[in-house]
Amino acid sequence: MFEGLDPILLARIQFAFTVSFHFVFPAFSIGLASYLAVLEALWLKTGKPIYLDLFKYWVKIFAVAFAMGVVSGIVMSYQFGTNWAVFSDKAGPIIGPLMAYEVLTAFFLEAGFLGVMLFGMNKVGKGLHFASTLAVAIGTLISATWILSANSWMHTPVGFEINEAGQFVPGGSWWTIVFNPSFPYRLTHTVIAAYLTTAFVVGAVGAWHLLKDRTDPHARKMFSMAMWMAAIVAPVQIVAGDLHGLNTLEHQPAKVMAMEGHYQSHPDGAPLILFGIPNAAEKRVDYAVQIPKASSLILKHDADAPLAGLDTIPPQDQPPVGIVFWSFRIMVGMGMAMLGMGVWSLFARYRKRLYDWPLLHRAALAMGPSGFVAVLAGWVTTEVGRQPFTVYRFLRTAHSASPLEAPAVGASLIAFVIVYFAVFGFGTWYILKLMAKGAHSGEHHIDIDAPIRTAGITPGPAQHPEGGR
Amino acid sequence: MNAVDFDLATVWAFIIAFAVFAYIVMDGFDLGIGILFPTFKVGQERDTAMNSIAPVWDGNETWLVLGGGGLMAAFPLAYGVVMTALYPPIIAMVLGLVFRGVAFEARWRDPGHRRWWDVAFAGGSIVASFCQGVTLGALLQGIAIDNRAYAGGWLDWLSPFSVLTGVSVVCGYALLGATWLIWKTEGSTQDRAFRLAKPAAFATLTAIVLVSLATLNLDYAYREKWLGYPAVLLTAQVPLLTAIIAFAFYRSIRKRREARPFFLALALFLMSFIGLGISMYPYIVPDQLTIWEAAAPASSQWFMLIGAVVLIPVILGYTAFSYWVFRGKVTAEGYH
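Computed from a predicted model, the values in this text were never measured in an experiment.

Calculation notes
Residues numbered from 1 in each chain as written. Chains lettered and ligands numbered in written order. Predicted model: local features only at pLDDT ≥ 70, side-chain atom pairs only at ≥ 80, totals over all residues. Helix = DSSP H or I, 4+ residues; strand = E, 2+ residues; numbered from the N terminus. Rg over C-alpha atoms; globule rule 2.2 N^0.38 Å. Buried ≥ 20, exposed ≤ 12 C-beta atoms within 10 Å, placed from the backbone. Contact = placed C-beta atoms within 7 Å. Core = buried A, V, L, I, M, F, W, Y, C linked by C-beta atoms within 7 Å. Pairing = 2+ DSSP bridges. Axes fitted to C-alpha atoms, helices over the stretch in contact; angles between N-to-C directions. Parallel < 35°, antiparallel > 145°, perpendicular 65-115°, else oblique. Left-handed = near helix turned anticlockwise from the far one by under 90°. Nonpolar A, V, L, I, M, F, W, Y, C, P; charged D, E, K, R; others polar. Expected span 1.5 Å × (residues − 1). Bend = angle between axes of the 7 residues up to and from the residue. pLDDT = per-residue confidence, 0-100.

## A closer look at the overall build of chain B
Moving on, step 1. Across its full length, chain B holds 14 helices and 6 strands.
Moving on, step 2. Taking 20 Å as the expected radius of gyration for a compact globule of 336 residues, we find that chain B reaches 20 Å, a close match to that expectation.
Moving on, step 3. Dimensions along the principal axes, computed over C-alpha positions, put chain B at roughly 60 × 40 × 40 Å.
Moving on, step 4. For chain B, with 336 residues in total, the buried portion stands at 54%.

Written as structure tokens, this is what we have:
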């Protein structure tokens, strides 16, 4: 049934599907780990029980999200070999160690601090427990650092030589490779995105419970904290995104051309296309709504600066414009909506209506998944924008795949779709169920309803099932 | 090939072999409990079996991720070729592991569908174990490589030999699972585990004999390594020790020892693993790729070695601590 299909396209769809499912969980748990550290710090500093309640509430959700990330991560560590064998052979000497460090870091975390953080509250002192929470928060960031370094190297490869077997091998210092040109920007942009994702989830949970009971103190606290994050971090993210874009313009101009929909070069000032429908056949954007010279102003900080278009890129090196154009607009649209929420919340605070404005709460509820949408759209933009290469300018996607036949990849793709929807459907259902319950005074500890968990080798309450209650 | 490359590739081969064996030792018994799961009574017996592995299974599985990640980093060519050649069993294995991993949690969180999650747990465990065995067999029987890429079809892995190794690993893990339960439980669950251990041991020993004989018939090189003189003086110790361990195992079961059967079952696995090492070394893909041909450049292997040398002992130490904390018997309510 797959005979007519291109096995490489199927492999790309499979990778995109599995990595998107995987990344949803880390995007949430990176931000949540830091949020938990903040909650515990506030509890230790102020002694107010509300922070402890919120900590205990969100740590349950964290445990499930983290476990889902681990389980879906097993698939990723094998898929490079199963579907991208040539890429693994050629780029393995550089990408492999970076990913191995990511695995070791995650493993290290799982082996140690996570267990104490989840189950150790009544077993170790407050200071040690807080140190563990902090270690988990920092550990998720270290993990992100390694994987984003590996990913960034594929966009901006430096510090390598190509040996006689055609492999990319380290040319000099590993620091050049780790700190490749797009890495600092990508790391900043991704971590802030994870924080915003978490903020909007927390905000939506707070809003949901405020809509039911606007005096609910836990819901108020969550909502207020989340809206502060939105108000402060959304503008920061827009600046970080802009800097990341300028970095991309310098190193991967074709990607920016696709994002902007610039099929043609503009020798004296390029317009900013807000909306339109990219027409690949005619190499133009139909029904474009555009601001003259604004793109040059944003990208070059000079309204009359010339800006090259895709007509300067050989056709075989161009990314597909349609997907990149749209995913970029979805991401930016979400970012602007987040900024809008932040500003609205500041206005509501000023008017003393933050907890008393159902329309605001409904909007915050609707914005709950906005971070996930923005994160995935952003990844689609950057990854599809790197096409037709896996290692930008040096290794083509068409030359990276395993020599597999279409039926094999098609069958595995279907299996992944079925299993992932069943398995992660359950995970999402369960997280939503926990969220619907809301936080309460004297919040129960994590193990109240089961003597079992999927979160690491943990000398926790399974030993003393009554201990954590 | 200078001296540094030589040493480093061998060091990494041993690190990865260690990770794989650590995985077999640790995940083997919890997969085995999944394999035996349908034979346990719904309710207290199943809950006890599940609880005995609850705190450790997730950490156990991380060794598999480490093995995969380490292979990609240290032997990228072998990683790519082997994973492609074994595409269907590898994909089925990870899907099986995903399923059983989530079933662990879902069984408690979603009691309305517990029956289905139990099926998912047992099914996922059996599929993952069988596929691991198939992978081993397919690797031993050889993989076609041409110009740094897999050169066979997507069903080449399937043969009577790879099915035999697949079934063998299922039997072996079932034995580990049964002996683990003998050690960690009491009462009716332990009685059942004692009853299961005997046929599981019989099946495992039969499988070891069959796979050993079949391996010798696969390829002249294997026969030479095992039966050539003077190698045979050394290699003959492996089946000899295996026989002694098997005898000790049956004695320990007859005398209803509690901890000993598990460790003797592990010793059987160690013997099989050593046998595998004798058959494979110095190849990573038999007769096609040596560890030196598949190795990443020295600077990549060095860079990673620093992290491995620091972190692996810490992980091992913590793992040992964790098993120590969870020593003793377990019941349906958890560890005591």
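Once you've had a look at it, read on.
## Considering the overall build of chain A
Moving on, step 1. Helix and strand counts for chain A stand at 14 helices and 6 strands.
Moving on, step 2. The C-alpha radius of gyration computed for chain A amounts to 24 Å, which stays within 12% of the reference 23 Å derived for 469 residues, consistent with globular compactness.
Moving on, step 3. Each principal axis of the C-alpha distribution contributes one length, and for chain A these read about 65 × 55 × 50 Å.
Moving on, step 4. When the 469 residues of chain A are sorted by exposure, 55% land in the buried category.
Moving on, step 5. Look at the contacts in chain A between residues 6 or more apart in sequence, and 75% of them connect residues 24 or more apart.

## A look at the nonpolar core
What tends to happen in soluble globular proteins is that the nonpolar side chains get buried as a cluster.
Moving on, step 1. A:L36, A:A230, B:F75 and B:A78 are the most contacted members of the largest nonpolar core, which totals 243 residues.
Moving on, step 2. Take this core: its biggest share by element is 21 residues, from helix α2 (residues 49-83) of chain A.
Moving on, step 3. Contact partners of A:L36, with chain neighbours within four places excluded, come to A:F55, A:W58, A:V59, A:F62, A:T133 and A:A137.

## A word on unusual backbone geometry
Moving on, step 1. Going from A:Q387 to A:P388, the amide bond is cis rather than trans, its omega being 5 degrees.
Moving on, step 2. Although it is not a glycine, A:H301 sits at a positive phi angle of roughly 55 degrees.
Moving on, step 3. Looking at where A:H301 falls in the secondary structure, it is placed in the loop between α10 (294-300) and α11 (321-350).
Moving on, step 4. Taking the number of C-beta atoms within 10 Å as the measure of exposure, A:H301 has 9 and is therefore exposed.
Moving on, step 5. Although it is not a glycine, B:D287 sits at a positive phi angle of roughly 65 degrees.
Moving on, step 6. Residue position: B:D287 is located in the loop between β3 (283-285) and β4 (289-290).

## Digging into the environment of A:S149
All names here are of chain A.
Moving on, step 1. In this fold, S149 is placed in helix α5 (residues 126-155).
Moving on, step 2. Judged by C-beta crowding, with 23 C-beta atoms within 10 Å, S149 ranks as buried.
Moving on, step 3. Between the C-alpha atoms of S149 and S182, which are 33 residues apart in sequence, the distance is 8.7 Å.

## Observations regarding the environment of A:A63
Residue and element names in this part refer to chain A.
Moving on, step 1. Along the chain, the position of A63 falls in helix α2.
Moving on, step 2. Its 23 C-beta neighbours within 10 Å are what place A63 among the buried residues.
Moving on, step 3. A C-alpha to C-alpha distance of 14 Å links A63 and A27, two positions 36 residues apart in sequence.

## Regarding the pairing of strand β4 (residues 284-291) of chain A
Residues and elements named next belong to chain A.
Moving on, step 1. Two strands pair when backbone bridges link them, and strand β3 (residues 272-279) and β4 are joined in this way by 6 bridges, in the antiparallel orientation. Across the sheet, F275 pairs through a bridge with V289, a residue of β4.
Moving on, step 2. The turn linking β3 back onto β4 is made up of 4 residues, and K283 within it adopts a positive phi angle of 55 degrees.

## Digging into the packing of helix α6 (residues 114-141) of chain B against helix α7 (residues 160-184) of chain B
Residue and element names in this part refer to chain B.
Moving on, step 1. Their axes nearest at 7 Å, the elements α6 and α7 cross at an angle of 135 degrees. Compared by their axis directions, α6 and α7 come out oblique. At the point where α6 passes α7, the crossing takes the right-handed sense. Across the interface between the two elements, I126, S129, F130, Q132, G133, V134, L136, G137, A138 and Q141 of α6 pack against F161, S162, V163, L164, T165, G166, V167, S168, V169, V170 and Y173 of α7.
Moving on, step 2. In terms of residue class, the contact of α6 with α7 is made up of 12 nonpolar, 9 polar and no charged.

## A short note on helix α8 (residues 217-251) of chain A
Every α-helical turn comprises 3.6 residues, leaving residues that sit three or four positions apart pointing alike.
Moving on, step 1. Taking 1.5 Å as the rise per residue, α8(A) with 35 residues should run 51 Å; its terminal C-alpha atoms sit 49 Å apart, in good agreement.
Moving on, step 2. Bending of α8(A) peaks at approximately 30 degrees at the position of A:V233, with proline A:P235 no more than four residues after it.

## Notes on helix α5 (residues 87-109) of chain B
Residue and element names in this part refer to chain B.
Moving on, step 1. Its 23 residues place the ends of α5 33 Å apart at the C-alpha level, agreeing with the 33 Å of an ideal helix rising 1.5 Å per residue.
Moving on, step 2. Along α5, the sharpest change in direction is near 35 degrees and occurs at A103.
Moving on, step 3. Of all 23 residues making up α5, 20 are buried, and the element is well covered by its neighbours.

## Comments concerning the environment of A:E260
All names here are of chain A.
Moving on, step 1. Summarising the element assignment, E260 is placed in helix α9 (residues 253-260).
Moving on, step 2. Classification of E260 by C-beta neighbours within 10 Å gives buried; the count is 26.
Moving on, step 3. Put simply, E260 and P320 are 60 residues apart on the chain and 12 Å apart in space, counted from C-alpha to C-alpha.

## Some words on the confidence of the model for chain A
Moving on, step 1. Chain-level statistics for chain A give a pLDDT mean of 86 and a share of 92% at 70 or above.
Moving on, step 2. Below pLDDT 50 for its whole length, residues 448-469 of chain A participates in 74 contacts with residues either more than four positions away or in separate chains.

## As for the packing of helix α8 (residues 187-218) of chain B against helix α9 (residues 220-227) of chain B
Residue and element names in this part refer to chain B.
Moving on, step 1. At a minimum axis separation of 5 Å, α8 and α9 run at an interaxial angle of 120 degrees. Judged by the inter-axis angle, α8 sits oblique to α9. Residue-level contacts link T215, L216 and L218 of α8 to Y222, R223 and W226 of α9.
Moving on, step 2. Class assignment for the residues of the contact of α8 with α9 results in 4 nonpolar, 1 polar and 1 charged.

## Thoughts on the confidence of the model for chain B
Residues and elements named next belong to chain B.
Moving on, step 1. The predicted model of chain B has a mean per-residue pLDDT of 83, with 94% of residues at 70 or higher.
Moving on, step 2. Confidence, expressed as mean pLDDT per element, reaches its minimum in chain B at strand β6 (residues 334-335) with 58 and its maximum at α7 with 90.
Moving on, step 3. Among the prediction metrics, the complex's ipTM stands at 0.81, with pTM recorded as 0.86.

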